Amino acid sequence: MNLKLKLVSLLVALFLPVMALAAHNHSNLDIQHSWIKAPVPGTMMTGGFISITNNGKHDEQLVAAYSDIAKNTELHTMVMIDGVMKMREVEGGWVIPAGETLTLAPGGNHIMFIGLTSMLMEGDKQILTLEFKHAGKVERAFMIHKPENANMSDGHSHDDSHSDH
Ligand SMILES: [Cu+2]
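Residues numbered from 1 in each chain as written. Predicted model: local features only at pLDDT ≥ 70, side-chain atom pairs only at ≥ 80, totals over all residues.

1. As for the overall build of the chain
Helix and strand counts for the chain stand at one helix and 10 strands. For the chain, the N- to C-terminal ordering of α and β elements is α-β-β-β-β-β-β-β-β-β-β. The buried share of the chain, taken over its 165 residues, is 22%. (Helix = DSSP H or I, 4+ residues; strand = E, 2+ residues; numbered from the N terminus. Buried ≥ 20, exposed ≤ 12 C-beta atoms within 10 Å, placed from the backbone.)

Below you can see the structure in the form of C-alpha cells.
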C-alpha cells in the first residue's frame, strides 16, 4: 500500500463520524441569506426572507415559522387581484422538492411578522424557529437590515455603517 492511499484511508476514517453527525443535524438543508427587513419607523409589521436548498433525496416542506418578535408569524405569498398585489397566508407552507431551492424574497413569498413586539434594530440578529415537515424545528439567526443590503446578508460583518448617497 502506498503512502497516498494510506493517507486517503486515514482521512476517510477521520471524516466519516463528522459526516454522520452532520447528517443527523439535518444538513440536507442548506439555509442561506436569512434576513429581516428593518421595519419602517411607526409600522407594526415587516417581512423575513431566506433561501433554503434541499440537498436531500426526499421532498421537504417548510410548514411554519415561529418568533418572539411579533404577535403573529405567518408564511405569506403575493397574489395579483384585480391588478393589485396582495398578501395571502399560505397554509402548510411550501414544499421544497429534492434538489431544489425555496427562495423567499421581497415582492414574493415571505415570512410575515404582524404586530411587532420588539424593536428591530438594523445590524441586530433575531433567532427564528423554522419548522420542517421532516427535519423538524431548526433555529436560525436572521440579520436585520434594509433591502439594499440583501446581498450581504450572510457571513459578513455589518459593523460598517451604511450611508445613503
Ligand atoms: Cu405578508
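So, next bit.
2. Quick word on the nonpolar core
In this structure, Ile-52, Leu-62 and Phe-142 are the most contacted members of the largest nonpolar core, which totals 19 residues. Listed by contribution, the elements that provide at least two residues to this core are β1 (29–37), β2 (45–54), β3 (60–66), β7 (101–104), β9 (125–132) and β10 (136–145). Among residues more than four places away in sequence, those in contact with Phe-142 are Ser-34, Trp-35, Ile-36, Gly-48, Lys-125, Gln-126 and Leu-128. (Core = buried A, V, L, I, M, F, W, Y, C linked by C-beta atoms within 7 Å. Contact = placed C-beta atoms within 7 Å.)

3. Some remarks on the confidence of the model for the chain
Overall, the prediction assigns the chain a mean pLDDT of 84, with 73% of residues at 70 or greater. Contacts of residues 21–25 to residues separated by more than four positions or lying in other chains number one contact, the stretch itself having pLDDT below 50. Overall, residues 150–165 carries pLDDT values under 50, and its contacts beyond four positions in sequence, including any with other chains, amount to 12 contacts. (pLDDT = per-residue confidence, 0-100.)

4. Points about unusual backbone geometry
Phi is positive for His-33, close to 50 degrees, though the residue is something other than glycine. Inspection of the secondary structure puts His-33 in strand β1. Positive phi, close to 50 degrees, is recorded for Asp-82, a residue that is not glycine. Its location among the elements puts Asp-82 in the loop between β4 (70–81) and β5 (84–89).

5. Regarding the pairing of β1
Where β1 and β2 come together, six bridges link them in antiparallel fashion. Across the sheet, Trp-35 pairs through a bridge with Phe-49, a residue of β2. Relative to β10, β1 is paired through three bridges, and the arrangement is parallel. In the sheet register, Lys-37 faces β10, and the bridge partner there is His-145. (Pairing = 2+ DSSP bridges.)

6. Here's the deal with the pairing of β5
Taken across its six residues, β5 has zero buried, putting it largely on the surface. Note that β4 and β5 share six bridges and pair antiparallel. Across the sheet, Ile-81 pairs through a bridge with Val-84, a residue of β5. The antiparallel hairpin formed by β4 and β5 contains two residues in its connecting segment, where Asp-82 sits at a positive phi of about 50 degrees.

7. Concerning the environment of Thr-129
Relative to the elements of secondary structure, Thr-129 occurs in strand β9. Classification of Thr-129 by C-beta neighbours within 10 Å gives partly exposed; the count is 15. Separated by 62 residues in sequence, Thr-129 and Ser-67 have C-alpha atoms that sit 6.5 Å apart. Residues contacting Thr-129, with those up to four places away along its chain left out, are Ala-65, Tyr-66, Lys-137 and Glu-139.

8. Some remarks on the environment of Ala-70
One can find Ala-70 in strand β4. Classification of Ala-70 as buried rests on a count of 20 C-beta atoms within 10 Å. Considering only alpha carbons, one finds Ala-70 and Phe-113, 43 residues apart in sequence, at a separation of 5.6 Å. Ignoring any residue separated from it by four or fewer positions in sequence, one finds Ala-70 in contact with Phe-113, Ile-114, Gly-115, Leu-116 and Thr-117.

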